[in-house]
Every structure is written in C-alpha cells, then in structure tokens.
Amino acid sequence: MPKIPTYNTQGRITAEGPGVKTGIQVSPRSTIAAALVPAANELTNYAIKRRNTEEQLIADKSILELKSESDKIIYSQKDNISEEDSINNYKKKFTPLVQEKLLSTKNRRVKQLIQSGINIDNSENIYFLKKNSFEALEKNSLTNVNNKITSILSKYSSVSDTAAGFAIKAKYRNQTENIIKKYATDFNLPDNVLQNHLKAAKANFLIADMNQLVGFINGSEQIQKLDSSLNGNEFLNNSDFGEAIFNAYNNEISDLTIKGDPNADYPRALELIDNLKNFQRSDGYKVDTGVLSVKINTLQEKILVEQLQHESLIRRGQSNKLFFDYSKDLQKALTESIADPYSDPVLQDRIAAAEIESEYNEKIKKYLSINSDASLETKKEFARSLVYSLKNIYEDRNIATLESNILNKSSFDIESEYQRVVNDMLLLSENKLDETTLEQYERLAKINGYTIKGKDEDGNTVSKGDVKSFINEYLPVLQNQFTIITQG
C-alpha cells in the first residue's frame, strides 16, 4: 500500500493569513494625505498668530484710550501738594473707567491683556503723581517763602534810620535768614543753593536801604558807608550794584520832577544827578561807567528839558488862576444882572440865569482848550465879549420883555433878527444848523418856559428846550414889533 507523504507546518492556522511577504517597506509620509500634515500645521500656527495679533491690537487700543483718561486725571492733580490725596483722587476717578472697559470686553484673553497693560501703566502713573505732588509742594513752599520775604522787605523799607529802627531792621534780616534756612532744610537744598538764596536776601535789604537813603542830604555818603560795613561786594557784584543805585536815584528824581506840580524840585533833582555821577564804591567801582554813564547823561538831558517845560507850566498856571478868578467875577455879575438874588427874582429869571451860567462856563472851557497859550489880557477880552454877547441874546430874545424894549430897537434891527431866525430854522429843518447855535436856541426856549422831555447821552429823561414852540411864539412877536415901528 502506498505511503501517504506528510508535512510539518510552522504557522498557526488562524494567526496568519495567506499572502506573499517581501522585503519592501513603505513610508507613512509617502501618501498624499500624509504630505498635507506640515501645511495643516503651518495654517494652524498662522491662525493662532493672527488671533493673538488681533487681540493684542484691540487690547492696545483700549489701553491707549484709558491712558488718555489717566493722563487727564494726572494733569488735574499737578497742583495738589498732598501726595496721598493726589493718589486717592487718581484711583477714585480711574478705577471705574478701567472696570467699565473690562466689563464691556467679552474676549477673556483681550480682557487679560488690558488688565496687564493697565497694571504696568498704573505703577508709572503713581510715580508721576508723587513726582508732581512733590514739585507742587516745592513750588508752593517757594511762593510762600517769597511772599513772606516780600512782606518783610516792605516793612523793612518803612522803618526809619533811628536806633530803634536799626534794631527792628536787624530783626527783619534774621527772620528772613531763618525762613530761607528752613526752606533749604525741608527740601534738602545743596549748600551752594542755600548760600545763593541768602546772598540774594542780603542784596535785597541793601537795595532797600539805598532807596531809603538816596533822598537824604548826605545820602550818597551813607550808602557808601553801609555798603562798606556790610561787605556788600560779597553778595552784590558791581554790575548789579550800579544798576540798583541808578534805579534808586532815578526813582527819587522822578518823585521830584512832576511837571506843573508846585511842589516839584528840579534843582534838587539835578543835584542828585551830580551825586550819581560822582558815586564810587569802596572797591573803586564808579557808577558813571559804560552803559550806566549813557543812562545818567540821558536822564540829565531829560530833566533839563523838563525843567523848562515845568517853569512854563507854572507861569501858565498862575496866569490861569488869575483868569479864572476874573472869569468867575464876570459870570457872577452876568447871572445877577438877570436874577438878582437880593430882589427875589421870579422863577423864569432864575432859570434863565442858570442856563446862561451853564453856557458861559461851557464856552470858557472850550475857548481855553483851544487857546491855552493865549495871554491873560486876550483871555480876559474873550470873557468880556462873551458876557456882552450872552446878555444881549437873552434880552433880545426874551419874549416876556420883548415888547417893552421896542423903543430901543430900529426896524433894521428887528428885520435882521427876524431874517436871521428864519434862516436858522430853515437850516434846522434840513439838519444843517450847527450844534452850538441849536444849543443856544434850546436854552432860550427853556428860559422862556418852552420845554419838552428828552433823553441825554446816558439815556436818562431830562427837560430840554422846545425850540419849535419857542420860535412859533417868537417870530409873530418880531413881526408885530416891526409893524408897530414902521407904522409909528
């Protein structure tokens, strides 16, 4: 019987499937899908970067807006001398703005960026608040110190140079020195800065003494002695000393040389200029040097010219006083001739006297403003002529006495007056009548009892002469006079 061949198997029936094994290996990145992985990663990274950039931009914009508000708050506190108060005010105003901005921001990452940026800015803002507060404190303290010293200097300048006065002045100088030293200690000023402040104070006191002594008879000698005793050149250099002494003399000279003032003393002013020219400091410095020499010469020339003008004004003032006295007497005689106070004048005469007095004074004032240089006799002649003119106008145009004066008038006089008035009224209707003539007609109307209510320049209601009503009454009277005379 034939033998059936047998085989030995090495694999498990269910462990391996049928197939062919080769030595070839395929990379997982060799497929198309696998090749897209790097590009997908790049795209993801770009999207993240873009998102971060957008969020940072939004956050920066919000931070910038808040920064603008914080700057305003910091500026509003720049003059606050209290550091604690300044910071509290900042927080009180700025914190609600930050919270409002964070609440309105929905993106959590943007919100974190805003908060982080504000935290950084806040530390910087607190620094500036403290810095500004300190500067404000220093500035206000310096202003306070200067005000105290100015007040002391003012009192110092008014103290007389007596034994008691010297003691008071010494007290004022010590007070000033203590004030400056305390300020330097409070703000840690360097010693050189402190010394400069002290020197400036000493210079101010010396200059105050100069201004006080310069008007004395031996003022220049006293200033020289004081400057030397205080070693003034240690705190007031020659240039500043020269300027200060010139200003002191110039101020005194200005007080002495008010043109037209009877109390002006130009000879004394010129004497002071000579003293200034000869002034010499203990170290040999002469004030009459360089630019100051030009100033002194200019001042001297100015005073010499003003002295001539002053003397002319004094003479003119004396002449004016004589004229005013003369004019016042004429005005009194004029008004009393119309309304004699001793004869119980009627109301109309009193009104006439008041109006003519007013017109007389106005015309005198106007004449003097134009002819201020006229001689005394020329002024007197004008005043006499004015009195005669006003008196005639009143008498000629007083309706109440016009008919009683008929025998003193000729037909020619009456006709001329009639024609003159008619011509004036024609000019008035055309708004061509000069202001002076119109004012005269208004006064005449008021004198004769014709008035209307009007407005003055300030808008106040006043009583004015009614020219129209006066002329309507005056012209018929003239016509009647003319008829009587020509027929008589």
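Please refer to the structure placed before this passage.
This structure is a prediction, so every number in the text was calculated from the model and none was measured. Note on numbering: residues in each chain are counted from 1, in written sequence order. For this predicted model, a pLDDT threshold of at least 70 governs which residues receive local features, and a threshold of 80 or more governs which side-chain atom pairs are given and counted, while totals over whole chains, interfaces and linings are taken from all residues. Processing note: side-chain calculations cover all non-hydrogen atoms of the structure and skip hydrogens and water entirely.

We define a salt bridge as a side-chain nitrogen of Lys or Arg found within 4 Å of a carboxyl oxygen belonging to Asp or Glu. Tallied over the full model, the rule gives 17 salt bridges. Notably, a salt bridge pairs glutamate 65 with lysine 101, separated by 2.8 Å at the nearest N-O pair. Placement of glutamate 65 in helix H2 (residues 37–76) and of lysine 101 in helix H3 (residues 83–103) is noted, with a sequence separation of 36 residues between them. Judged by its relative accessible area of 37%, glutamate 65 falls in the partly exposed class. For the salt bridge of aspartate 79 with lysine 78, the shortest nitrogen-to-oxygen distance reads 3.1 Å. Comment: elements are numbered from the N terminus, with helices defined as DSSP H or I runs of at least four residues and strands as E runs of at least two. Relative accessible area decides the class of each residue, using a 1.4 Å probe on protein chains only: under 20% of the type maximum gives buried, over 50% gives exposed, and in between gives partly exposed.

A word on the nonpolar core. By nonpolar core we mean a set of buried residues, namely Ala, Val, Leu, Ile, Met, Phe, Trp, Tyr and Cys, connected to one another through side-chain atoms within 4.5 Å. If you look at the biggest cluster of nonpolar residues, it comprises 30 residues, and the most contacted ones within it are Met210, Ile245, Val287 and Ile303. Listed by contribution, the elements that provide at least two residues to this core are helix H6 (191–213), helix H8 (238–256), helix H9 (266–277) and helix H10 (290–338). If you tally residues by element for this core, the top one is H8, at eight residues. Counting 18 residues, the second-largest nonpolar core is a separate cluster that includes Ala353, Ile356, Ala383 and Leu386.

Before going further, it helps to spend a moment on unusual backbone geometry. Unusually for a residue other than glycine, asparagine 188 sits at a positive phi of about 50 degrees. Take asparagine 188: it is sitting in the loop between helix H5 (163–186) and H6. Residue classification places asparagine 188 among the exposed residues on the basis of a relative accessible area of 67%. Despite not being glycine, asparagine 231 shows a phi value in the positive range, around 55 degrees. Position of asparagine 231 relative to the elements: it lies in the loop between helix H7 (219–229) and H8. Assessed through its relative accessible area of 40%, asparagine 231 is described here as partly exposed.

Across its 21 residues, H3 extends 30 Å between first and last C-alpha, which sits within 8% of the 30 Å expected from 1.5 Å per residue. To get the bend at a residue, fit one axis to the 7 residues ending there and another to the 7 starting there, then take the angle between the axes. The axis of H3 is deflected most strongly, by about 25 degrees, at phenylalanine 94, and proline proline 96 appears within four residues downstream. One fewer than the residue count of a helix, multiplied by 1.5 Å, yields its expected span.

Let us look at the pairing of strand S2 (residues 461–465). At least two bridges found by DSSP between two strands is the condition for calling them paired. The pairing of strand S1 (residues 451–455) with S2 spans five bridges and is antiparallel. Looking at the pairing, lysine 453 lines up with serine 463 of S2. Connecting the antiparallel pair S1 and S2 is a turn made up of five residues, with glycine 459 showing a positive phi of about 85 degrees.

For the rest of this paragraph, the subject is the packing of H3 against helix H4 (residues 108–157). Comment: axis = line fitted to C-alpha atoms, over the contacting stretch for helices; angle = value between 0 and 180 degrees taken between N-to-C directions. Their axes nearest at 10 Å, the elements H3 and H4 cross at an angle of 160 degrees. For the element pair H3 / H4, the angle class is roughly antiparallel. You can see that H3 and H4 cross each other, and the crossing is right-handed. On H4, the residues that touch Glu83, Ser86, Ile87, Tyr90, Phe94, Val98, Lys101 and Leu102 of H3 are Lys111, Ile114, Gln115, Ile118, Asn122, Asn125, Ile126, Leu129, Lys130 and Ser133. Roughly parallel here means an angle under 35 degrees, roughly antiparallel means over 145, roughly perpendicular means 65 to 115, and every remaining angle is called oblique. Each crossing gets its hand from how the near helix is turned against the far one by less than a right angle, where anticlockwise is left-handed and clockwise is right-handed. The criterion used for residue contact is that any of the two residues' heavy atoms lie within 4.5 Å.

A separate point is the environment of serine 229. Its location among the elements puts serine 229 in helix H7. Residue classification places serine 229 among the exposed positions, given a relative accessible area of 55%. Measuring from C-alpha to C-alpha, the distance between serine 229 and serine 282 comes to 9.9 Å, with 53 residues separating the pair along the chain. From its side chain, serine 229 meets the backbone oxygen of leucine 226 in a polar contact 2.8 Å long. Between N or O atoms, a polar contact is any pair within 3.5 Å; within protein, one atom must be a potential hydrogen donor and the other a potential acceptor, and residues adjacent in sequence are included only when both atoms are from side chains.

Any Phe, Tyr or Trp ring, taking Trp's six-membered ring, that has another such ring centre within 6.5 Å forms a pair; planes under 30 degrees apart are called stacked, those over 60 apart edge-to-face, and the others tilted. Under the counting rule described, the total for this entry stands at eight aromatic pairs. Ring centres 5.8 Å apart and planes at 65 degrees place the aromatic pair phenylalanine 134 and phenylalanine 187 in the edge-to-face group. In this pair, phenylalanine 134 is assigned in helix H4 and phenylalanine 187 in the loop between H5 and H6, connecting sequence segments 53 residues apart. For phenylalanine 134, a relative accessible area of 42% corresponds to the partly exposed category. Relative to phenylalanine 205, the ring of tyrosine 156 has its centre 4.7 Å away and its plane inclined at 55 degrees; by these criteria the two rings are tilted. Here phenylalanine 205 lies in helix H6 and tyrosine 156 lies in helix H4, a separation of 49 residues in the sequence. Each member of the pair tyrosine 156 and phenylalanine 205 is classed as buried. Ring pairs connect the aromatic residues Phe134, Tyr183 and Phe187, which therefore count as one cluster. Across from the ring centre of tyrosine 75, 5.2 Å away, lies the NZ or CZ of lysine 78, which sits over that ring. In this scheme, Lys NZ or Arg CZ marks a charge over a ring once it lies within 6 Å of the ring centre and within 35 degrees of the ring normal. Directly above the ring of tyrosine 156 sits lysine 169, whose terminal nitrogen or CZ lies 4.9 Å from the centroid.

Shape descriptors only; they carry no functional weight alone.
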